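Understanding the architecture of this molecule
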Amino acid sequence: MISKKMEGLVKGSSVIRAMFEDGKLLAQKYGAENVFDFSLGNPNVPAPKEVNDAIIDVVSNTDSVKLHGYMSNAGHDEVRDIIAQSLNGKYGTAYDRSNIVMTVGAAGGMNVALKSIINPGDEVIVFAPYFGEYDNYVANYDGKVVAITPDIDTFQPNLSEFEDKITNKTACVIINSPNNPTGVIYSEETLKGLSAALEKKQRELGRTIYLISDEPYRELVYDGAYVPWVPDYYRNTIVGYSYSKSLSLPGERIGYLVIPSDADDHEDLASAASVATRILGFVNAPSVMQLVVGKCIDASTDISYYERNRNTLYEGLTKLGFECRKPEGAFYLFMKTPIEDDNEFAGMARKHNILLVPGSAFMCRGFVRIAYCVSYETVKGSLPKFQELAAALGLRGVS
């Protein structure tokens, strides 16, 4: 008999994962080429050659005890040094290994950070639309998520509502930029406003409020866009990063936390993160992959593939009469549904073998997320099916 908490989680298992399984069944029935699965953010672009070369080099030339053995819970010292130096070169910071904790992907890092910060009953503020697993991560430590209503015109955080919802129970705030599911980059103006509100509330409440910046899509930006370095705006920031998207390594589960030295209680917080890595059962991030990313720190995937998908999909959908913002980053397009019920719309799309994630899964009804990290053939092949869907809904642009 499973726990009561898990009973609820099993029943409410991830909508996205369920759709992924549904897509495999449809592919078996109709043929993979006739199913257009935009449900899962699983990179289609291969990992850079440097990654494969680094794997061979690491496995061939590293002592087996070090290659597969334990190390500090925070990770290999030399890898943390390399990451710190890379960040210093990009952002003009002065980090060293003491500011870096290697993690089991961004999800593992989020759990480590939350375990280190929140007490039962504490509140964690998030901005809708947001990655639905945040609810589960916070619940793991008996915290409570407080969601801020989305600004569906800009998808920048709603700062006026945010300030009103900060209370003496607020332990931390989570942001995600470039954002999943909208592809929006939070602007410098937004970050300044966010910081001002947090600084004001810290003074009023007499407590530290940490900001966790979840950044697995930091490197995936288009049209010369820039992702601001959040600790430049708010010193009590913890940055979570993953190589899942930037190096197309989602299954390898490798990332890191940045805990700046000027954050409140930095030494205790860094120590807590290291201990949390162990007691949550990770023990340490995967040794081989730590050494690999240390050797190809400057490698990157070719995002021109994603950019072509983005442009083709955006232009095709808007010509058909669908409404959406052109994403600035990540590999998601958040499309407004022509009917009020996003779940019903996703069901209609499924009848045309198109799999989309309802916006309600991200606490933002009336939209669907389209993950365009798929083959170009899938994007092109989907457009006639989207045209059939648009015609069924009587949208303009359909002859």
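Details of the structure are given in the entry above.
A brief structural summary. (Residues numbered from 1 in each chain as written. Predicted model: local features only at pLDDT ≥ 70, side-chain atom pairs only at ≥ 80, totals over all residues. Heavy atoms only, no water.)

With respect to the element layout, Ser-246 can be found in helix H10 (residues 243–246). The residues touching Ser-246, leaving out its near neighbours within four places in the chain, are Pro-216, Glu-219, Tyr-241, Ser-300 and Thr-301. (Helix = DSSP H or I, 4+ residues; strand = E, 2+ residues; numbered from the N terminus. Contact = heavy atoms within 4.5 Å.)

What follows covers helix H14 (residues 342–350). All of the buried residues along H14 are Asp-342, Phe-345, Ala-346 and Ala-349. Down the axis of H14, the buried side of the element spans an arc of 100°, and every buried residue falls inside it. The elements touched by buried residues of H14 are strand E10 (332–336), strand E11 (354–355), strand E12 (357–358), strand E13 (367–371) and helix H15 (376–393). (Buried < 20%, exposed > 50% of the residue type's maximum accessible area, 1.4 Å probe, protein only. Arc of directions from axis to C-beta.)

Below, the discussion takes up helix H13 (residues 304–319). Along its 16 residues, H13 runs 22 Å from first to last C-alpha, staying within 8% of the 22 Å computed at 1.5 Å per residue. Backbone geometry just after H13 places Gly-321 at a positive phi near 105°. (Expected span 1.5 Å × (residues − 1).)

Attention shifts here to the pairing of E10. In terms of burial, E10 is a largely internal element, four of the five residues being buried. By the bridge criterion, two bridges tie strand E9 (residues 323–324) to E10 in an arrangement that is antiparallel. Each bridged residue has a counterpart across the sheet, and for Glu-323 the counterpart in E10 is Lys-336. Here E10 pairs with E13 via five bridges, running antiparallel. Paired with Lys-336 across the two strands is Phe-367, which belongs to E13. (Pairing = 2+ DSSP bridges.)

Enumeration according to the criterion identifies 20 aromatic pairs in this entry. Measuring from ring centre to ring centre gives 6.5 Å for Tyr-134 and Tyr-137, while their planes differ by 50°; the resulting arrangement is tilted. With a gap of three residues between them, Tyr-134 and Tyr-137 both fall in helix H7 (residues 133–139), about one helical turn apart. Here the two residues Tyr-134 and Tyr-137 agree in accessibility, since each one is buried. Counting every residue linked through ring pairs, the aromatic cluster contains Phe-38, Phe-322, Phe-345 and Phe-386. (Phe/Tyr/Trp six-rings, centres within 6.5 Å; stacked < 30°, edge-to-face > 60°.)

Further remarks concern the nonpolar core. Counting 34 residues, the largest nonpolar core has Phe-322 and Phe-386 as its most contacted members. Mapped by element, the contributors of at least two residues to this core are H13, E10, H14, E13 and H15. The element contributing the most residues to this core is H15, with five residues. Residues in contact with Phe-386, not counting those within four places in the same chain, are Phe-38, Leu-313, Leu-317, Leu-320, Phe-322, Ile-354, Leu-356 and Ile-370. Membership of the second largest hydrophobic core comes to 28 residues, among which are Ile-100, Trp-229, Tyr-256 and Met-289. (Core = buried A, V, L, I, M, F, W, Y, C linked by side-chain atoms within 4.5 Å.)

Attention shifts here to the sheet that holds strand E2 (residues 100–103). The strand order across the open sheet built from seven strands is E2-E8-E7-E6-E5-E3-E4, with neighbouring strands paired in mixed fashion. Either end of the sheet is taken by a strand with one partner, and the two such strands are E2 and strand E4 (144–148). The mean inter-strand angle of the sheet, taken between neighbouring strand axes irrespective of direction, is 20°. Examined bridge by bridge, strand E7 (residues 237–242) and strand E8 (residues 255–258) share four bridges and lie antiparallel to one another. Paired with Gly-240 across the bridge in E8 is Leu-257. Helix H6 (residues 105–117) contacts E2, strand E3 (123–127), strand E5 (170–176), strand E6 (210–214), E7 and E8 of the sheet and is inclined by roughly 175° relative to E6. (Axes fitted to C-alpha atoms, helices over the stretch in contact; angles between N-to-C directions.)

Our focus in this paragraph is the packing of H13 against H15. Where H13 meets H15, the axes come as close as 10 Å, and the angle between the chain directions of the two elements is 5°. The angle between H13 and H15 falls in the class roughly parallel. Here H13 contributes Arg-308, Asn-309, Thr-312, Leu-313, Gly-316 and Leu-317 to the contact with H15, which in turn contributes Tyr-376, Val-379, Lys-380, Ser-382, Leu-383 and Phe-386. (Parallel < 35°, antiparallel > 145°, perpendicular 65-115°, else oblique.)

This part takes up the pattern of salt bridges. Counted by the stated rule, this structure contains 17 salt bridges. Note that Glu-215 and Arg-218 form a salt bridge whose closest N and O atoms lie 2.8 Å from each other. Accessibility expressed as a relative area gives 1% for Glu-215, which makes it buried. The shortest N-O distance in the salt bridge between Arg-310 and Asp-223 comes to 3.0 Å. Note that Arg-310 is positioned in helix H13 and Asp-223 in the loop between E6 and E7, a separation of 87 residues in sequence. When its relative accessible area of 1% is taken as the criterion, Arg-310 is described as buried. A single network of salt bridges, built from pairs that share partners, joins Asp-77, Arg-80, Asp-81 and Arg-97. (Salt bridge = Lys/Arg side-chain N within 4 Å of Asp/Glu carboxyl O.)

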